[in-house]
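Letter by letter, the chains look like this.
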Amino acid sequence: GPKVLQIPSHQIIDMGQMVTLNCDPVSNHLYFYWYKQILGQQMEFLVNFYNGKVMEKSKLFKDQFSVERPDGSYFTLKIQPTALEDSAVYFCASSSDWGGYAEQFFGPGTRLTVL
Amino acid sequence: GDSVTQTEGQVALSEEDFLTIHCNYSASGYPALFWYVQYPGEGPQFLFRASRDKEKGSSRGFEATYNKETTSFHLQKASVQESDSAVYYCALGDRANTGKLTFGHGTILRVHP
């Protein structure tokens, strides 16, 4: 079936540095999402993105976070600067449909460790 | 805000046992309800969805029925296999919003041969 890829699978970084998480969504999908899962906790919505714009973001999507998809390439989540509480697995997802009924396709996640 | 509660954190069964994973939700609107399954090293995969009261969603022998009265969407399978071992997530999608999913904590299912 359709695959979402995430690069890297694991990133270790020092607190205060910048990190960019990359997502290669399903090729014909137009809607993109990031979710965050802290170890032992539930997966939580961060942000969604369509047509070059953030459509909705949660309170977890701090000012230090940004997303973009320049020229139809990777959909990226950038954190600058990173904090200890940013350590988590970040899942990217994409969908072809819009709204709360849409089936979302998830990548395998990037495990971010902030030291 | 919206929330999803999965009662079981872990379930251990033998092959051919009957499976139930309980899911209850709280939402201000009339959400769509989902089950996703996650295998080791992978992201969650869509299993099925139901979007209205009394609708049954099903896939690969798993099923759940949307119950608005009891605000539930319990996952069941009549006869589990070892290959069903995975983490199962119940989730809801708000009709009014832009695709945000609210997930439960997940239930780890281990099926022994």
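Look above for the structure.
As a convention, each chain's residues are numbered from 1 in the sequence order in which they are written. Going through the entries in the order they are written, you letter the chains from A and number the ligands from 1. In keeping with the model being predicted, local features are shown solely for residues with a pLDDT of at least 70 and side-chain atom pairs are shown and tallied solely at 80 or more, while totals for entire chains, interfaces and linings include all residues. The basis for every side-chain value is the complete set of heavy atoms in the structure, and neither hydrogens nor water enter the calculation.

**Here's the deal with the overall build of chain A**
Working step 1: Helix and strand assignments come from DSSP, with helices taken as H or I runs of at least 4 residues and strands as E runs of at least 2, each series counted from the N terminus. Scanning chain A from terminus to terminus reveals zero helices and 11 strands.
Working step 2: When the elements of chain A are put in sequence order from the N terminus, they spell out β-β-β-β-β-β-β-β-β-β-β.
Working step 3: Note that the radius of gyration is over C-alpha atoms, with the globule rule given as 2.2 Å times the number of residues to the power 0.38. Relative to the compact-globule value of 13 Å for 115 residues, chain A shows a C-alpha radius of gyration of 13 Å, a close match.
Working step 4: Overall size of chain A, expressed as C-alpha extent along the three principal axes, is 35 × 25 × 25 Å.
Working step 5: A simple rule labels every residue: compare its accessible area, found with a 1.4 Å probe on the protein chains alone, to the largest value its type can have, and call it buried under 20%, exposed over 50%, or partly exposed in between. Here chain A holds 115 residues, and 46% of them are scored as buried.
Working step 6: Partitioning the contacts of chain A with sequence separation of at least 6, the portion at a separation of at least 24 is 55%.
Working step 7: The protein chains shown are the only cover counted for residues, whose accessible areas, like all others here, come from Shrake-Rupley with a 1.4 Å probe. Accessible surface computed for chain A: about 5700 Å², of which carbon and sulfur atoms make up 50%.
Working step 8: Side chains of chain A give 9 positive and 11 negative charges; the mean places of these two sets differ by 1 Å. The contact criterion used is simple: two residues touch if any of their non-hydrogen atoms lie within 4.5 Å. For the charge count, each Lys or Arg is scored as positive and each Asp or Glu as negative, with His and the chain ends excluded. To locate a charge, take atom NZ for lysine, CZ for arginine, CG for aspartate or CD for glutamate.

**Focus: the state of the cysteines**
Working step 1: Here, the term disulfide refers to a pair of cysteine sulfur atoms separated by no more than 2.5 Å. Here the structure, examined in full by the defined rule, presents two disulfides over all chains.
Working step 2: Between the sulfur atoms of Cys-23 of chain A and its disulfide mate Cys-92 of chain A the distance is 1.8 Å. Because the sign of the S-S torsion sets the handedness, a value of about -65 degrees for the bond joining Cys-23 of chain A and Cys-92 of chain A places this disulfide among the left-handed ones. Here the residue Cys-23 of chain A occupies a position in strand 3 (residues 19-24), and Cys-92 of chain A occupies one in strand 9 (residues 88-95), the gap between them amounting to 69 residues.
Working step 3: When its relative accessible area of 0% is taken as the criterion, Cys-92 of chain A is described as buried.
Working step 4: Two residues share a disulfide in this structure: Cys-23 of chain B and Cys-90 of chain B, whose sulfurs sit 1.9 Å from each other. Disulfide Cys-23 of chain B-Cys-90 of chain B: the torsion about the S-S bond is -65 degrees, which places it as left-handed.

**A few points about the environment of Arg-95 of chain B**
Working step 1: Summarising the element assignment, Arg-95 of chain B is placed in the loop between strand 10 (86-93) and strand 11 (101-103).
Working step 2: Since its relative accessible area comes to 39%, Arg-95 of chain B is described here as partly exposed.
Working step 3: Apart from residues lying up to four places away in sequence, Arg-95 of chain B is in contact with Tyr-101 of chain A together with Tyr-30 and Ser-51 of chain B.

**Description of the interface of chain B and chain A**
Working step 1: Between chain B and chain A, the residue contacts involve 25 residues of the former and 22 residues of the latter.
Working step 2: Taking both partners together, chain B and chain A bury about 1900 Å²; carbon and sulfur atoms supply 55% of that area.
Working step 3: On the chain B side of the contact with chain A, Thr-98, Phe-103 and His-105 of chain B bury the most area, a combined 29% of that side's loss.
Working step 4: Any carboxyl oxygen of Asp or Glu within 4 Å of a side-chain nitrogen of Lys or Arg constitutes a salt bridge here. Summed over the shared surface of chain B and chain A, the number is zero salt bridges. Here the quantity called buried area is the accessible surface, traced with a 1.4 Å probe, that two parts lose on coming together, added over both.

**Some points on the environment of Phe-103 of chain B**
Residues and elements named next belong to chain B.
Working step 1: Looking at the secondary structure, you find Phe-103 in strand 11.
Working step 2: Note on Phe-103: relative accessible area 1%, which makes it buried.
Working step 3: For Phe-103 and Leu-75, which are 28 residues apart along the polypeptide, the C-alpha to C-alpha distance reads 14 Å.

**Overview of the pattern of salt bridges**
All names here are of chain B.
Working step 1: For the coordinates displayed, the defined rule picks out five salt bridges over all chains.
Working step 2: Here Asp-53 makes a salt bridge to Lys-54, at a shortest N to O gap of 3.1 Å.
Working step 3: Given the relative accessible area of 26%, Asp-53 is considered partly exposed.
Working step 4: Residue classification places Lys-54 among the exposed residues on the basis of a relative accessible area of 65%.
Working step 5: In this structure, the salt-bridge partner of Asp-84 is Lys-77, at a minimum N-O distance of 2.8 Å.

**Digging into the packing of aromatic side chains**
Working step 1: Centres within 6.5 Å are what make two rings of Phe, Tyr or Trp a pair, Trp counting through its six-membered ring; a difference in plane orientation under 30 degrees is then read as stacked, over 60 as edge-to-face, and the rest as tilted. Enumeration according to the criterion identifies 21 aromatic pairs over all chains in this entry.
Working step 2: Relative to Phe-75 of chain A, the ring of Phe-32 of chain A lies with its centre 5.3 Å away and its plane at 35 degrees, an arrangement referred to as tilted. Remark: Phe-75 of chain A occurs in strand 8 (residues 75-79) and Phe-32 of chain A occurs in strand 4 (residues 31-37); sequence separation between them is 43 residues. Neither residue differs from the other here; Phe-32 of chain A and Phe-75 of chain A are each classed as buried.
Working step 3: For a lysine, the NZ atom is tested; for an arginine, the CZ atom; a charge sits over a ring if that atom is within 6 Å of the ring centre and within 35 degrees of the ring normal. In this structure, Lys-68 of chain B is placed above the aromatic ring of Tyr-30 of chain B, and the distance from its NZ or CZ to the ring centre is 5.1 Å.

No statement about biological role is implied by the geometric values presented.
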